Amino acid sequence: MLIGIPPLLGPDMLSVLRAMGHGDELAIVDGNYPANEHGRRVLRADGHGVMEVIDAVLSVLPVDDFVPNALFCASVGGDPQKLDPIHHEMIDLCARKAPGMPVLPLPGGPFYGRVKTAYAVVATSEPRLYGNFIVRKGVIRPH
């Protein structure tokens, strides 16, 4: 346990988050997602839902503000205009954790493509369909 670090972020997860460089992406996916097939590095967050993992990750990981879009969610049935309640939860959480950073819904093909090139994939036990999210790591500027 560490002061100020969510307990959900264990040693393996912290190591991956720390090793990621600017522009690397982390996918956080639901329990139905083919994480082992699509992920180069797969971390398990069994017993946890997507929202609690996103919340923990965004408490320590800077979001890339050098690009127009650094936060992504999977859309429903390939329609970027169709969102489920979990997507609205993601958007609300990101508005608090990464103010001013929009969450861009992506249809299946483009979303899967990003996951396949992501630095790592966190596989959760999220039961809700389309509960998938990607964050692109930013930088911490000198003070």
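Predicted model, so just to flag it, every value in this text is computed and none were measured.

**Some thoughts on the nonpolar core**
In terms of nonpolar packing, the biggest core is built from 34 residues, with Leu26, Ile28, Ile54, Val57, Leu71 and Val135 touching the most fellow members. Elements that contribute at least two residues to this core include exactly helix H1 (11–19), strand E1 (25–29), strand E2 (42–45), helix H3 (50–58), strand E3 (71–74), helix H4 (85–97), strand E5 (120–124) and strand E6 (133–136). With seven residues, the top contributor of residues to this core is H3. For Val135, the contacting residues outside a window of four places in its chain are Asp24, Glu25, Leu26, Val57, Leu58, Leu61, Val63, Ala70 and Leu71. In this structure, Ala27, Ala35, Ala74 and Val121 belong to the second largest nonpolar core, which totals twelve residues.

**Considerations on the sheet that holds strand E4 (residues 103–106)**
Here we have six strands laid out as an open sheet, ordered E2-E5-E1-E6-E3-E4, and mixed in their pairing. The outermost strands of the open sheet, each flanked by one partner alone, are E2 and E4. In this sheet, adjacent strand axes meet at a mean angle of 20 degrees when their direction is disregarded. Relative to E6, E3 runs antiparallel, the two sharing three bridges. Looking at the pairing, Phe72 lines up with Ile134 of E6. Contacting E1, E2, E5 and E6, H3 runs over the sheet at an angle of about 155 degrees to E1.

**Thoughts on the environment of Arg41**
Residue position: Arg41 is located in the loop between helix H2 (35–38) and E2. With relative accessibility at 35%, the residue Arg41 sits in the partly exposed group. Put simply, Arg41 and Tyr119 are 78 residues apart on the chain and 6.9 Å apart in space, counted from C-alpha to C-alpha. Engagement of the side chain of Arg41 in a polar contact is seen with the backbone oxygen of Tyr119, the distance being 2.7 Å.

**Topic: H1**
Within the sequence span of H1, burial applies to Met13, Val16 and Leu17. Each buried residue of H1 sits inside an arc of 100 degrees when the element is viewed along its axis, so together they form one side. For H1, the exposed residues set more than 90 degrees away from the buried face come down to Pro11 and Arg18. Buried residues along H1 sit in contact with E1, E2, H3 and E5.

**Considerations on the packing of aromatic side chains**
Within the structure shown, the criterion is met by one aromatic pair. Aromatic side chains Tyr33 and Tyr112 sit 5.2 Å apart centroid to centroid with 80 degrees between the ring planes, which places their arrangement in the edge-to-face category. Residue Tyr33 is located in the loop between E1 and H2, and its partner Tyr112 is located in helix H5 (residues 108–117); the two are separated by 79 residues in the primary sequence. Across from the ring centre of Phe72, 4.1 Å away, lies the NZ or CZ of Arg114, which sits over that ring.

**Points about the side chain of His87**
Relative to the elements of secondary structure, His87 occurs in helix H4. Polar side-chain contacts of His87 include one of 2.9 Å to the backbone nitrogen of Asp84. For His87, the residues in contact, after removing those within four places along its chain, are Cys73, Ala74, Val76 and Tyr130.

**Re the pattern of salt bridges**
One pass over the full model with this rule turns up seven salt bridges. Linking Asp64 and Arg136 is a salt bridge whose minimum nitrogen-to-oxygen distance equals 2.6 Å. You can see Asp64 sitting in the loop between H3 and E3 and its partner Arg136 sitting in strand E6, a full 72 residues away along the chain. Between Asp65 and Arg141 there is a salt bridge; the shortest N-O distance is 3.1 Å. Residue Asp65 is found in the loop between H3 and E3, and its partner Arg141 is found in the segment after E6; the two are separated by 76 residues along the sequence. Accessibility expressed as a relative area gives 42% for Asp65, which makes it partly exposed. Given a relative accessible area of 45%, Arg141 falls into the partly exposed group. Within this structure, Glu89, Glu126 and Arg128 form a network of salt bridges that share partners.

Rules of the game
- Residues numbered from 1 in each chain as written.
- Predicted model: local features only at pLDDT ≥ 70, side-chain atom pairs only at ≥ 80, totals over all residues.
- Heavy atoms only, no water.
- Core = buried A, V, L, I, M, F, W, Y, C linked by side-chain atoms within 4.5 Å.
- Buried < 20%, exposed > 50% of the residue type's maximum accessible area, 1.4 Å probe, protein only.
- Helix = DSSP H or I, 4+ residues; strand = E, 2+ residues; numbered from the N terminus.
- Contact = heavy atoms within 4.5 Å.
- Pairing = 2+ DSSP bridges.
- Axes fitted to C-alpha atoms, helices over the stretch in contact; angles between N-to-C directions.
- Polar contact = N/O pair within 3.5 Å; in protein donor to acceptor, adjacent residues only side chain to side chain.
- Arc of directions from axis to C-beta.
- Phe/Tyr/Trp six-rings, centres within 6.5 Å; stacked < 30°, edge-to-face > 60°.
- Lys NZ or Arg CZ within 6 Å of the ring centre and 35° of its normal.
- Salt bridge = Lys/Arg side-chain N within 4 Å of Asp/Glu carboxyl O.

Nothing here speaks to function; it is all geometry.
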